[in-house]
Amino acid sequence: MTVKNKKEIQFFYDFILWFTGGCIYFYAEIICRGFSHFSMFVCGGLCFLFVGKYGSRIYIHTDRTWKTYASVMIVGACIITGLEFVTGMIVNVILKWDVWDYSYMKYNLYGQICLAYTGLWSLLSIVCVYVYMLIERKIFEKEINI
């Protein structure tokens, strides 16, 4: 297999994982809030891809202790909160689409991110990494011990 083929296969895998994460987040938001926005599909997919990719590396290459889970939660929360902030600044502040507004919550930054949701994202990161690794193992047939 050539390098070009490996890159094409990796792009395909990443696209499938991004799309899956986007669908999961989009429909989870519809179930929880009653509505969503296409920007949440894009952001949710990127969050799933990045948290899954980096979180699974932490999980695979370390002992499975509380430190591993804490690392995944911290990295995941940082990735998701960062992507949420960038997305919020673009869609809510620059484009003025008003997709969400956390300005009523304590410890928010420009109404785009807040500490309470960062805590939720840290918990969601563990689930995200598990689902990501499950997809890699079952669909892409990678050798991963979950």
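Further up the page is the structure itself.
We now turn to the structure provided with this report.

Brief notes about the packing of helix α3 (residues 66-94) against helix α4 (residues 115-138)
Stage number 1. Where α3 meets α4, the closest approach of the two axes is 7 Å, and the angle between their N-to-C directions is 115°. For the pair α3 and α4, the sense of crossing is right-handed. Two secondary-structure elements touch here, α3 through Tyr 69, Val 72, Met 73, Gly 76, Ala 77, Ile 80, Thr 81 and Glu 84 and α4 through Thr 118, Trp 121, Ser 122, Leu 123, Ser 125, Ile 126 and Val 129.
Stage number 2. Broken down by class, the residue content of the contact of α3 with α4 amounts to nine nonpolar, five polar and one charged.

So, the environment of Arg 57
Stage number 1. Assignment of secondary structure puts Arg 57 in helix α2 (residues 38-60).
Stage number 2. Considered as a pair, Arg 57 and Met 133 are 76 residues apart in the sequence and their alpha carbons are 9.8 Å apart.

Notes on the nonpolar core
Stage number 1. Ranked by size, the top nonpolar core spans 28 residues in total, and within it Leu 17, Phe 48, Val 51, Trp 100, Tyr 132 and Met 133 carry the most contacts.
Stage number 2. Going through the elements one at a time, α1 (3-33), α2, α3 and α4 are the ones with two or more residues in this core.
Stage number 3. Sorting elements by how many residues they give to this core places α2 first, with eight residues.
Stage number 4. Once you skip the residues sitting within four places of it in the chain, Leu 17 turns out to touch Phe 48, Leu 49, Tyr 132, Ile 135 and Phe 140.

What to know about the pattern of salt bridges
Stage number 1. Per the stated rule, a full pass over the model turns up three salt bridges.
Stage number 2. Residue Asp 14 is joined to Lys 53 by a salt bridge in which the shortest nitrogen-to-oxygen separation is 2.9 Å. You can see Asp 14 sitting in helix α1 and its partner Lys 53 sitting in helix α2, a full 39 residues away along the chain. Accessibility assignment for this pair places Asp 14 and Lys 53 in one class, buried.
Stage number 3. Put simply, Arg 33 and Glu 29 hold a salt bridge, and the shortest N to O gap is 3.8 Å. Taken together, the positions of Arg 33 and Glu 29, both in helix α1 and four residues apart, correspond to about one turn of that helix.

Let's talk about α3
Stage number 1. Look at α3: 40 Å from first C-alpha to last across 29 residues, which is about the 42 Å you get at 1.5 Å a residue.
Stage number 2. Taking the largest bend as the criterion, α3 deviates by roughly 30°, centred on Gly 88.
Stage number 3. Just beyond α3, the residue with positive phi is Lys 96, at close to 60°.

Some remarks on the side chain of Ser 122
Stage number 1. Looking at where Ser 122 falls in the secondary structure, it is placed in helix α4.
Stage number 2. Apart from the residues lying within four places of it in its own chain, the contact partners of Ser 122 are Met 73 and Ala 77.

With respect to the packing of aromatic side chains
Stage number 1. Going through the model one piece at a time under the given rule, you end up with 17 aromatic pairs.
Stage number 2. On the numbers, 6.3 Å between centres and 35° between planes, the contact of Phe 85 with Tyr 110 is tilted. Taken as a pair, Phe 85 in helix α3 and Tyr 110 in the loop between β1 (108-109) and β2 (113-114) lie far apart in primary sequence, 25 residues in all.
Stage number 3. The exposure class assigned to Phe 85 is partly exposed, which follows from its relative accessible area of 23%.
Stage number 4. An aromatic cluster is present here, built from Phe 15, Trp 18, Phe 19, Phe 26, Tyr 27 and Phe 41 joined pairwise through their rings.

Definitions and cut-offs
- Residues numbered from 1 in each chain as written.
- Predicted model: local features only at pLDDT ≥ 70, side-chain atom pairs only at ≥ 80, totals over all residues.
- Heavy atoms only, no water.
- Axes fitted to C-alpha atoms, helices over the stretch in contact; angles between N-to-C directions.
- Helix = DSSP H or I, 4+ residues; strand = E, 2+ residues; numbered from the N terminus.
- Left-handed = near helix turned anticlockwise from the far one by under 90°.
- Contact = heavy atoms within 4.5 Å.
- Nonpolar A, V, L, I, M, F, W, Y, C, P; charged D, E, K, R; others polar.
- Core = buried A, V, L, I, M, F, W, Y, C linked by side-chain atoms within 4.5 Å.
- Buried < 20%, exposed > 50% of the residue type's maximum accessible area, 1.4 Å probe, protein only.
- Salt bridge = Lys/Arg side-chain N within 4 Å of Asp/Glu carboxyl O.
- Expected span 1.5 Å × (residues − 1).
- Bend = angle between axes of the 7 residues up to and from the residue.
- Phe/Tyr/Trp six-rings, centres within 6.5 Å; stacked < 30°, edge-to-face > 60°.

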